[in-house]
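Summary of structural features
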Amino acid sequence: MPSRISRRSLLLSAAAAGVSAGPLATVARAATRTPKVLVIGLDGCLLSRIKDADAPNLDALMAAGLTAPSSIYADPLAPTLSGPGWSTVITGVWSDKHNVKDNTFSGNKFTQYPDFLTRIETAEPALATYAVSSWAPLTDTVFSSKVDTRVSTPSAEYDTGTTSRAVARLTTGDPDAVFVQLDNIDHAGHSYGAASQQYLDAIHTADTQVGSMVAAVRSRATYGSEDWLIMITADHGHTDAGGHGGSSAPERQTFLIATGPTLAAGSTRCDVKMPDVAASALAHLGIALDPAWDLDGRPVQQPLPDDFDTLRGQLRTRTDETGIGAGVQGFTHTPPAGWSVDNSAMGTGGITEWRGWSFTTDEFWTAAQRDQQRESNVRARNVFAVADGDEWSDKSLTGGFDSTLISPAYQVTGGRAATLTYTTYYRHESPQKGEVLVSYDGGTPVAVKTYTADVPSRTETVTLQVPSGATTARIRFRYTGGNNWYWVIDGVRLTQP
Ligand SMILES: [Zn+2]
């Protein structure tokens, strides 16, 4: 192939992936600098209230990097408490793996799913790791003794002491990875509520403390030869009246603010989840993420959007679901390019939003009806597909729910195995059924997976034996049932190694 054409196609594919020449050039330059990570956790902090508060340092970080509103689980996966929340941020896996369900940490699986500083120490023992927290269980229990330095600030010193210790270490030490937890925003939330002026004042104080840590980083004598990834995050949100632990949207709110060399200034992301903090820190330090670690996190520096995510700008507000906020976007029945939905066997009527497969978000779907375990759909990201016979049946209808989501025709090479992966979450009630079928070159679809019992949120991997001579494969996801439960599909990919 003439080199001119191959170069051009490379540029085209880079453009298609949304990668410009600027960030690529930055990556190449950054490779010669020493990577370092600072994670600051703001307990119980709401992103929406940062925006209301006098918080110039956090505002500057948002302007310089990415801002990602996110959400966590609720019971029965885990309550929206600090134990499960920080364990998820720090280990890079959800509560169904690290097994922290409350603030006692009993039954935790930190040996199997250790904190990210311990992962760093195991992979690169020469790197210097440091953790300091106002809430002692993090440095006493979540971070292991493999971390070089763990400090639980004496309670009399609280966030002031936590900040001064972190600033001192960043100024006079040479840490490679630092974790800091500030607690007072959560304290103000419990005492006065997230709607209060005191909560905003606590954000202002924490903002000043964040500013002093960022200034300490930038004042380092070696700063010019260093490459810092700075991440600000939270473990859970707060209600307006104060408190958390439940399943309301404000309690499930978290966020990531991150600045680093590959993160676009002023960008907003909808695909970030809390386990990504640990994965991003490891990736930034050049530590390969071993699939055997079974991480749920994905480095924010390496976004992996799927076809459904292209629908975000087309999501509509509610039609029949009056319990969902009028401004919340939303849902659509229009599939992404190359995909289709076959509703020819669907009944009529029912709740418009959920008639056949819909494309929606966690914010919109969980608001349809709380506390029916939709909050446990933690491994779907951004826009996902859902078939929800339960919500569809909340308005008069005739017939049953029978809808098939059909993928594009993926190119395959016959006579070789292919790997189908997708994220799923399936809540069952008889006679409901979920079927995954494959059709080669337009032939009769054949079932390769059937769901007739609950499946927690997880990534499925299905090996397909592609018949010799076949050149395309289409995947079908068919939900049949009625006033039963739901099925989520996301991140569908077909690959042939
Ligand atoms: Zn709290």
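Residues numbered from 1 in each chain as written. Predicted model: local features only at pLDDT ≥ 70, side-chain atom pairs only at ≥ 80, totals over all residues. Heavy atoms only, no water.

Here the focus is the packing of helix α7 (residues 116-123) against helix α13 (residues 276-284). Their axes nearest at 10 Å, the elements α7 and α13 cross at an angle of 25°. In terms of axis orientation, α7 runs roughly parallel to α13. Taken as a pair, α7 and α13 cross one another with a handedness that is right-handed. Contacts between α7 and α13 involve Phe116, Arg119 and Ile120 from the former and Ala278, Ala281 and Leu282 from the latter. (Axes fitted to C-alpha atoms, helices over the stretch in contact; angles between N-to-C directions. Helix = DSSP H or I, 4+ residues; strand = E, 2+ residues; numbered from the N terminus. Parallel < 35°, antiparallel > 145°, perpendicular 65-115°, else oblique. Left-handed = near helix turned anticlockwise from the far one by under 90°. Contact = heavy atoms within 4.5 Å.)

This part takes up the sheet that holds strand β2 (residues 66-71). Backbone-to-backbone hydrogen bonds join strands into a sheet, with any given pair of strands oriented parallel or antiparallel. With respect to topology, eight strands assemble into an open sheet ordered β4-β3-β5-β1-β6-β7-β2-β8, the strand pairing being mixed. Every other strand in the sheet has two partners, leaving β4 (149-152) and β8 (267-268) as the edge strands with one partner each. Bridge count for strand β6 (residues 226-233) against strand β7 (residues 253-259) is four bridges, and the pairing is antiparallel. In the strand pairing of β7, Met231 is matched with Ala258. Lying over the sheet, helix α5 (residues 82-91) contacts β1 (34-42), β5 (177-182) and β6, oriented at roughly 165° with respect to β5. (Pairing = 2+ DSSP bridges.)

Frequently, the measure chosen for interface size is the accessible area removed from exposure when the parts meet. Domain annotation for the chain reports domain 1 (4-293) and domain 2 (307-495). Summarising the inter-unit geometry, the C-alpha centres of domain 1 and domain 2 are found 32 Å apart. At the junction of the two partners, domain 1 supplies 17 residues and domain 2 supplies 14 residues. Here domain 1 and domain 2 share an interface that buries about 1300 Å² over both sides, 46% of which is from carbon and sulfur atoms. (Domains from an automatic or database assignment. Buried area = accessible area lost by both parts, 1.4 Å probe.)

In this model helix α9 (residues 158-172) runs 21 Å from its N-terminal to its C-terminal C-alpha over 15 residues, within 8% of the 21 Å that 1.5 Å per residue would give. In this structure, the buried side of α9 is in contact with β1, β3 (129-133), β5, α10 (184-192), α11 (197-218) and β6. (Expected span 1.5 Å × (residues − 1).)

This part covers the coordination of the zinc ion. Taken together, the protein donors to the zinc ion comprise Asp186 (OD), Asp186 (OD), His190 (NE2) and His244 (NE2), at separations of 2.1 to 2.5 Å. Its four donor atoms give the zinc ion angles of 55 to 144° at the centre, a pattern that matches the irregular case. Written as a sequence motif, the donor arrangement for the zinc ion is D-x3-H-x53-H. With Asp186 and His190 both in helix α10 and four residues apart, this pair spans about one turn of that helix. Overall, the relative accessible area of 8% leaves Asp186 in the buried class. (Donors = N, O, S within 2.8 Å, 3.2 Å for Na, K, Ca; no water. Tetrahedral: all angles 85-135°; square planar, octahedral: opposite > 155°, others 65-115°. Buried < 20%, exposed > 50% of the residue type's maximum accessible area, 1.4 Å probe, protein only.)

One turn of the α-helix equals 3.6 residues, which is why residues spaced by three or four share an orientation. Every buried residue belonging to helix α4 (residues 56-64) is among Leu58, Leu61 and Met62, and all of these are buried. Down the axis of α4, the smallest arc covering the buried residues is 100°, so these residues share one side. Lining the buried residues of α4 we find β1, α3 (47-52), β2, α11, β6 and β7. (Arc of directions from axis to C-beta.)

The sheet built from six strands is open, its strands ordered β9-β12-β13-β22-β17-β20 with antiparallel pairing. Strands at the two margins of the open sheet, each flanked by one partner only, are β9 (331-332) and β20 (455-465). For strand β17 (residues 417-426) and β20, the ladder comprises nine bridges, and the chain directions are antiparallel. Looking at the pairing, Ala418 lines up with Leu464 of β20.

What follows covers the pattern of salt bridges. A complete count under the given rule lists 20 salt bridges for this structure. Here Asp174 ties to Arg220 by a salt bridge, and the two come within 2.8 Å at their closest N and O atoms. Taken as a pair, Asp174 in the loop between α9 and β5 and Arg220 in the loop between α11 and β6 lie far apart in primary sequence, 46 residues in all. Residue class for Asp174 comes out partly exposed when judged on its relative accessible area of 49%. Under the relative-accessibility criterion, Arg220 is labelled buried at 7%. Between Glu435 and Lys433 there is a salt bridge whose closest N-O contact spans 4.0 Å. A network of salt bridges, in which partner residues are shared, links Lys36, Asp174, Asp176, Arg220 and Glu226. (Salt bridge = Lys/Arg side-chain N within 4 Å of Asp/Glu carboxyl O.)

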